[in-house]
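# Structural description and commentary
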Amino acid sequence: MKRQSMPPLLSVLAIVWVTGPALASAAPHVTLKLVGSHVTVVDGHVKREPVDGVVLKAGDDVEYEIVASNTGTRPALKLIPMARVPAGTEYVPGSAKGARASAQFSVDGGKTWSAAPTVVEKSAGVTVVKRADTSLYNAVRFVQEGALAPGTKATYSYEVRVK
Amino acid sequence: MRTLTKSLPAILRAASAPVAFCAAAFAFAHGSAAQAGTAAGTAITNTATASYSDGTNTYSSQSNTVTVTVQNAPALIIAPPQATPGTSTVSPGAPGSDVYTLTNVGNSAGYFQLSGTLGTNDGVTQGQPSFASFTVTVPGQSAQTFTTVAQVNSYLATGNGGSPYTVPQVVGTATSANQITISVNYTTSTSSTGTFTTNLTAAITQPAAGSAPAATSGTAIGQYGDTLVADARMDAQKIATVGGTSSAPTVQYDVRFNNGGGRAMTAVNAASLPSGISGAGIIVTDKLPQYPTGTQLTLNGTPTFVKQPAGASFIYSSNGTYWTTSATGATYVGVFIPASAITSSFGASNPGSSQGSVTSAQAQLEFTFLINGSTASGAANSTAITNVVNSIYGDSSGYIDGPGLTPYSLLNNGNTPASATAPAIANTNGTLTGSAQATSAAAPVAGSVLNGPSGFPGATGPDGTTNTDYTALSYTDGGNACCLSATNGGNVETVPASATAVTFTNSIQDTGNKYDVYTLSSATGSGLSALPAGWTVKYESPAAGLPATANCANVPGNTVITTLCVESGATVNYQTIYTPPATATTFTAYTPYGDAITATSGNTATATNITIDEFFVGGFVKLTKTVADAAGTGCASATTFVVSTTANPGDCVQYTITYLNVAPTGGTNDVTLNATSLVITENGSAAGTTNGTAYTNSWATNSGGLYAAPVDSLGNTLGGYSGGTAVGSTTFTDTIASLAAGASGNVTFKVQIK
């Protein structure tokens, strides 16, 4: 896999595809807010505390909540929020949630997505396709059903565990 | 942030750059499945993106970034853990070590620290062994040894130039770089038994990293459950059997070895064995004895295996340091058991034997060999020769053992030179572990004895044999002069009641090859007169006593004895004492009285020897006076004299005084009576009484005195003439300076009857 730093690539994307703010007045406008929470269980109750800037240790669970708000004038169609399972963490199985949205995962850096990604293993000349372990997930996305109407918001969440 | 884009799938399909972006965006999230933890201080950032459409155009949006910093998560593993303790087998008396491996399984580098108290949490926590030290080895550093927990912790926390020795955390598979080792070293005594436990309790501290503060893990506990088992022990037994004849003696040795310990025996590294032996193995060595000291006994033939470990072979040496397979000139015989044979023969203990006691059934090695014995004095003594067999072997504790070697002092690692194990070969104490000894005679017993005069047990008598030697004494009642002159014409002597005893000193020599206890007995000797009734004979030790020797006990002075212990080849004196009764007894003068004293060997009853003790009462120089007459002839012309007790006036009468030393003669080194300063006095008018018998000389009155000077047949000194000259003198003396036993002479003088 070819790796490059992000800022230059983002710049390239901006040059090639961005058409400019002139379209904004008659278009959906989805803003994203990412909230991280430290999830603990205290006396049987789940407790969430903001994690931004907080020091955590291995084994701690972090819930990422993505809030998508359509502040535009038209519905946002085919809304697909996505985020990473950051290095140093691993996805907590079954934690991805979103109203009217289905979660998909990638084990190859976003090239392919599936609700249950697979990996190919070769052993003794035999190729085996098997379901990938959730620890291999490195990205999560949510495929929103329908449109996100103007003035509305949708919330998606998933948890990772610090390794 | 909103950006008009193509659809995300299109982006992913259309250009490598977006793919690269996504890949770049996600790649770091994956990491290694084997990674143990995210490094402390790592900032985990996350940003959400979204794509959407208005039906015609595709837009994207990006969220804020959430950052999480990973804290220190120190953790360690100690192997073996307390839950599944390790095990070690240690032998009593041997030092031991339990090695613990501490691995950093946290999420950053950290340094280890011991926790708790020595003896409770660390070190030897149960059982008899004594804690000795900790040996700490950190990556890249030489091992360090400490005796306290505090010292260990100081070294780990500040030993690196004031900083801790940090060890990186495991990433993937643990390597030695992620670990330190701490050995718990302990000592055991030779009496240590049972089981014991060692523990190591430790934690790891990860220093502060970025915004992540320093943190220390909880403690982990390692443990060993160890067992004390006696190490390999070479038991040996040696049996000697004396054979052959006293003139061609032999001794056969049967030598047996067995591993009677509780653990396996191991091969000694070749570098630690004497030169000439190639390869690792076990050796047993046997130095042939000397007898007497300085005289080396030799092999007779070659040794034979009774029980031969596979591959074992005989080896020989003339000096103990260089060994060969040739028996020529050998003063050592041994066996080399190669390493390949040890597994089947000595690799396992074979209980039941003990030091000095190995039966043939127990033996893992047994061989015999024959040596030529000795014909020297004392060779038949049961302790004449002690032959020690030794061994050099490896134990299960990693050391070299052998008699005379300090246990657990010589490492069996190839660095111990042969000179360090040489004392085992030279050992002469067969009671040490790994050795055995057989003390025996060097020849069959052959008793023999010589009994003779004081200082000369081998004296010979008149017939040239050692059975007729003699000791002659003159009895004088202890100087009381009881019997200096004879009565009844010099034929009868009377010894007063309770007179002084007669004491002879004799010598006896053990000419056999073993110390002997001789029985003394007396009988009237041939040619001797029996002592008068009432006289008794006894034997006593010398006045100075007989000091103890190797085989004979001390005998105080003047102790009555009937037997006499003598070391082979030695000579001792004893007294033969004749004691008169409490009544007077009479003896015939000039007659030898006494006994033949026989010494009989206790080893060989047929071995006897006689010496003769005889004494004379009343002196041992006998004077006999005769008279002869030249009838009708004066002294001027008289040449023929006829023994007569009558004479006529004018006749020349000749007196002859014969002196004879009646003491025995002949032989060599006997003790006899030689007279000295003998003075014969002739007085022609002497009169007196001797022992009640009156006598009167009258030739002075009835003659004109000496007609001429007397004549001594041996030329002795004449003198003592009355008037100063011989002619006419009525007295004279004959002075005999010495008269040897058996010698005689005479003095003659003439007078002419008036």
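One structure accompanies this document, and this report is about it. Along every chain, residues carry numbers that run from 1 in the direction the sequence is written. Lettering of chains starts at A and numbering of ligands starts at 1, both following the order in which they are written. Note on the predicted model: pLDDT of at least 70 is required for a residue's local features to be given, and 80 or more for side-chain atom pairs to be given and counted; whole-chain, interface and lining totals, by contrast, use all residues.

### Regarding the overall build of chain A
Quick reminder of the rule: Runs of H or I in DSSP of at least four residues are treated as helices and runs of E of at least two as strands, each being numbered from the N terminus. Think of it as a crowd count around each C-beta: if 20 or more other C-beta atoms lie within 10 Å the residue is buried, if 12 or fewer it is exposed, and in between it is partly exposed, with C-beta placed from the backbone throughout. It is the C-beta atoms, placed from the backbone, that decide contacts: two residues are in contact if theirs lie within 7 Å.
Scanning chain A from terminus to terminus reveals 1 helix and 12 strands. Counting helices and strands in the order they occur from the N terminus, chain A gives α-β-β-β-β-β-β-β-β-β-β-β-β. Expressed as a percentage of its 163 residues, the buried residues of chain A come to 38%. A separation of at least 24 residues holds for 73% of the contacts in chain A among residues at least 6 apart in sequence.

### Some words on helix α3 (residues 149–158) of chain B
Residues and elements named next belong to chain B. Rule in force here: Directions drawn from the helix axis to the C-beta atoms are what define this arc.
When α3 is considered as a whole, its buried residues turn out to be Val149, Val152, Asn153 and Leu156. An end-on view of α3 places all buried positions within 95° of arc, on one side of the element. Looking at the buried positions of α3, the neighbouring elements they touch are β7 (111–114), β9 (130–137) and β10 (144–146).

### Considerations on the environment of B:Ala544
Residues and elements named next belong to chain B. Looking at where Ala544 falls in the secondary structure, it is placed in the loop between β31 (536–540) and β32 (560–561). Overall, the presence of 10 C-beta atoms within 10 Å leaves Ala544 in the exposed class. When the C-alpha positions of Ala544 and Gly557 are compared, they lie 5.0 Å apart, and in sequence the two are 13 residues distant.

### Comments concerning the environment of B:Ala376
Residues and elements named next belong to chain B. Structurally, Ala376 is set in the loop between β22 (365–372) and β23 (385–394). Using a count of 16 C-beta atoms within 10 Å as the deciding quantity, one classes Ala376 as partly exposed. For the pair Ala376 and Pro292, spaced 84 residues apart in the sequence, the C-alpha separation amounts to 7.0 Å. Residues in contact with Ala376, not counting those within four places in the same chain, are Tyr291 and Pro292.

### A word on helix α5 (residues 418–426) of chain B
Residues and elements named next belong to chain B. Those residues of α5 that fall on the buried side of the exposure criterion are Thr421, Ala424 and Ile425. Looking straight down α5, one finds its buried side chains confined to an arc of 100°; they lie on one side. Where α5 is buried, its residues contact β17 (281–287), β23 and β24 (400–401).

### Structural notes on the sheet that holds β22(B)
All names here are of chain B. Where we set the bar: Paired strands, in this sense, are two strands between which DSSP finds at least two bridges. With axes taken as lines fitted to C-alpha atoms, and helix axes fitted only over the stretch in contact, angles between N-to-C directions fall between 0 and 180 degrees.
In spatial order, the strands read β15-β16-β22-β18; together these 4 strands make up an open sheet with antiparallel pairing. One side of each edge strand has no neighbouring strand; the edge strands of this open sheet are β15 (234–244) and β18 (304–307). Each neighbouring strand pair of the sheet contributes to a mean axis angle of 20°, computed without reference to strand direction.

### Structural notes on the sheet that holds strand β37 (residues 608–617) of chain B
Residues and elements named next belong to chain B. Strand order in this open sheet of 5 strands is β27-β37-β36-β30-β33, and the pairing throughout is mixed. One side of each edge strand has no neighbouring strand; the edge strands of this open sheet are β27 (470–475) and β33 (563–566). Strand-to-strand twist across the sheet, computed as the mean angle between neighbouring axes with direction ignored, equals 25°. Sheet analysis places β27 next to β37, joined by 6 bridges and oriented parallel. Of the residues in β37, the one forming a bridge with Ser474 is Phe616.

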